[in-house]
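Architecture at a glance
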Amino acid sequence: MATQKYGDMLPKRQLGNTGLTVPILSLGGYGLGKVRADMTDEMAIETVRYALEQGLNYIDTSPMYFESERRIGIALADVKRESIVLSTKVGSEPQRSGDYSWDGTMWNIDNSI
């Protein structure tokens, strides 16, 4: 008998008007950046992969989370895109801080690591 994954046991909710259904918990990227002096690329990548193994397929990050986007990108390099829901913030990129316009949003998407 297969062991049920933690993420599969969590209730699911629709994410806004996207039509996407996600667990009520996500893996937050803030701690995967350099907020801890001892957080390495390897530790962050291992954390993301462990979360995915446990069925947590909703990941949240931001350009303001230092190395978070880059590290999550490395961890997800060989993951099927349709198997995860990845969210990031707009208006938080230091070069366009507070810019929530259409152009600013598109710039954030194009420049998200």
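Anything mentioned here points back to the structure above.
The paragraphs below set out a description of the structure included in this document.

Calculation notes
- Residues numbered from 1 in each chain as written.
- Predicted model: local features only at pLDDT ≥ 70, side-chain atom pairs only at ≥ 80, totals over all residues.
- Heavy atoms only, no water.
- Patch = residues over 30% accessible without salt bridge, like charges linked within 9 Å, V, L, I, M, F, W, Y side chains within 5 Å.
- Areas by Shrake-Rupley, 256 points an atom, 1.4 Å probe, with all protein chains shown as cover.
- Salt bridge = Lys/Arg side-chain N within 4 Å of Asp/Glu carboxyl O.
- Helix = DSSP H or I, 4+ residues; strand = E, 2+ residues; numbered from the N terminus.
- Buried < 20%, exposed > 50% of the residue type's maximum accessible area, 1.4 Å probe, protein only.
- Expected span 1.5 Å × (residues − 1).
- Arc of directions from axis to C-beta.
- Contact = heavy atoms within 4.5 Å.
- Phe/Tyr/Trp six-rings, centres within 6.5 Å; stacked < 30°, edge-to-face > 60°.
- Pairing = 2+ DSSP bridges.

With that settled, consider a nonpolar patch on the surface. On the surface, a nonpolar cluster with roughly 390 Å² of combined accessible area is contributed by Tyr 6, Met 9, Ile 24 and Leu 25. Turning to its location among the elements, Tyr 6 is positioned in helix 1 (residues 6–9). Overall, Tyr 6 belongs to the partly exposed group, its relative accessible area being 42%.

Within this structure, the stated rule accounts for five salt bridges. We note a salt bridge from Arg 70 to Asp 41, for which the minimum N-O separation is 2.8 Å. With a gap of 29 residues between them, Arg 70 in helix 3 (residues 68–75) and Asp 41 in helix 2 (residues 41–53) connect regions that are remote in the sequence. Take Arg 70: its relative accessible area is 28%, and that puts it in the partly exposed class. With its nearest N and O atoms 2.7 Å apart, the salt bridge here joins Arg 71 to Asp 41. Pair noted here: Arg 71 is in helix 3 and Asp 41 is in helix 2, with a separation of 30 residues, a long-range link. Its relative accessible area of 2% is what places Arg 71 among the buried residues. Given the relative accessible area of 24%, Asp 41 is considered partly exposed.

Counted at 1.5 Å a residue, the expected span for helix 2 with its 13 residues is 18 Å, and the 18 Å between its end C-alpha atoms agrees. Here helix 2 has its buried residues at Ala 44, Ile 45, Val 48, Ala 51 and Leu 52. For helix 2, the buried positions fall inside an angular range of 125° around the axis, keeping them on one side. In this structure, helix 2 carries Glu 42, Glu 46, Tyr 50 and Glu 53 as exposed residues pointing more than 90 degrees from its buried face. Contacts from the buried residues of helix 2 go to strand 3 (27–28), strand 4 (58–60) and helix 3.

Attention now moves to the packing of aromatic side chains. Going through the model one piece at a time under the given rule, you end up with one aromatic pair. A centroid spacing of 5.2 Å and a plane angle of 85° characterise the contact between Tyr 30 and Tyr 65, whose relative ring orientation is edge-to-face. Taken as a pair, Tyr 30 in the loop between strand 3 and helix 2 and Tyr 65 in the loop between strand 4 and helix 3 lie far apart in primary sequence, 35 residues in all. Overall, Tyr 65 belongs to the buried group, its relative accessible area being 16%.

In this section: the sheet that holds strand 5 (residues 85–87). Sheet architecture is open: three strands sit in the order 3-4-5, paired in parallel fashion. At either margin of the open sheet sits one strand with a lone partner, and together these are strand 3 and strand 5. Relative to strand 5, strand 4 is paired through three bridges, and the arrangement is parallel. What sits directly across from Asp 60, in strand 5, is Ser 87.

Our focus in this paragraph is the environment of Glu 93. Relative to the assigned elements, Glu 93 resides in the loop between strand 5 and helix 4 (102–111). On a C-alpha basis, the gap between Glu 93 and Met 64 in space is 6.3 Å, while along the polypeptide they are 29 residues apart. Excluding anything up to four places from it in sequence, Glu 93 contacts Pro 63, Trp 107 and Asn 108.

Limitation: the analysis is restricted to geometry and does not speak to function.
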